[in-house]
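Structure assessment
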Amino acid sequence: MPNIVTRAIFGFAYIAAIVFASLYSPLSLLILLGLFLALCLWELIQLLQFDNKLYILGTVLVSGYLFYNYAEKFWYSTGMFDVRFVNFLPPLLFIIALVIIFKRPVELAFDSSKLIFSVVYVALPFSLVLSTVKKFEVGNFEMLNSLIGVFILLWCSDTFAYLTGKYFGSRKLSSISENKTVEGLIGGMFFTIVAGAIINYNFPNLRGNWIIIAIIIAIVAPLGDLAESKLKRVFGVKDSGNLLPGHGGFLDRLDSFLPSAIALYIYFLFI
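Criteria and cut-off values
Residues numbered from 1 in each chain as written. Predicted model: local features only at pLDDT ≥ 70, side-chain atom pairs only at ≥ 80, totals over all residues. Heavy atoms only, no water. Helix = DSSP H or I, 4+ residues; strand = E, 2+ residues; numbered from the N terminus. Rg over C-alpha atoms; globule rule 2.2 N^0.38 Å. Buried < 20%, exposed > 50% of the residue type's maximum accessible area, 1.4 Å probe, protein only. Areas by Shrake-Rupley, 256 points an atom, 1.4 Å probe, with all protein chains shown as cover. Lys, Arg positive; Asp, Glu negative; His and termini not counted. Charge placed at Lys NZ, Arg CZ, Asp CG, Glu CD. Patch = residues over 30% accessible without salt bridge, like charges linked within 9 Å, V, L, I, M, F, W, Y side chains within 5 Å. Salt bridge = Lys/Arg side-chain N within 4 Å of Asp/Glu carboxyl O. Polar contact = N/O pair within 3.5 Å; in protein donor to acceptor, adjacent residues only side chain to side chain.

**Thoughts on the overall build of the protein chain**
The secondary structure content of the protein chain amounts to ten helices and zero strands. The order of helices and strands in the protein chain, counted from the N terminus, is α-α-α-α-α-α-α-α-α-α. For the protein chain, the C-alpha radius of gyration of 18 Å lies close to 18 Å, the compact-globule estimate for 271 residues. The dimensions of the protein chain, computed from C-alpha atoms along their principal axes, are 45 × 45 × 35 Å. By residue count, 51% of the 271 residues in the protein chain fall in the buried class. Of the accessible surface of the protein chain, which amounts to about 13,200 Å², a share of 68% is contributed by carbon and sulfur atoms. Measuring between centres, the 19 positive side-chain charges of the protein chain sit 3 Å from its 16 negative side-chain charges.

**A few points about a nonpolar patch on the surface**
On the surface, Val-86, Leu-89, Leu-92, Leu-93, Ile-95, Ile-96 and Val-99 cluster together into a nonpolar patch covering about 570 Å² of accessible area. Within the secondary structure, Leu-93 sits in helix 4 (residues 89-103).

**Concerning the environment of Glu-107**
Turning to its location among the elements, Glu-107 is positioned in the loop between helix 4 and helix 5 (111-128). Sequence separation between Glu-107 and Met-189 is 82 residues; the distance between their C-alpha atoms is 32 Å. Within the structure, the side chain of Glu-107 is placed 2.8 Å from the side chain of Arg-104, a separation counted as a polar contact.

Next comes the structure, spelled out in structure tokens:
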């Protein structure tokens, strides 16, 4: 089966699972996000090549506690929190993690730094994204929620960047990833913004301005892709896993989600 067909099939199945879990019930959404977190975290642990298993256990336990803490707030809270300085600290930690990837990957030579990095880079986005959706918005087949909207935009960004890059790409975007092209970046950004405009027009009651959200995701989603490519290059790994034919691993599929979740969290702090 051609790679593009395989990629399309599993990409659709992945989106369908997210949409169904978001519309079925709050519990199904938590279970699916928790599963995605566990798979991405395990793939990152394998990629970073920990030396001591105790640090692996610590990474899993801290990540699990973090996700549980935000899941509990999602389950019992009726809305987002007030804008306070402390709420900007988690995104700041994620930005530091990105700086480490691109500028100081040597910092990841020790298991202690790998533990902190793994929690911040993977567990934190999956946890914070629960603050961007309210419990009553989930589990209603008649209501689109912000999480579905984000994953639709991410699917557009990834799919159209891949297609335009494959068929029209000629100029390399970065030395970090040879497969990324300027044309693919432009195509992904364009169709993501178009999708955001469609969501904004058809779902006026959805929280936030989805043209603005689409622009934000169109910018930060490719950054997540490049960040994972950089990590794989540093540690000499081709794919984070092989569970998703045509995509690689779950971390390969969800790399753009990580910075997008942080950006969405910051945006919703201000509205």
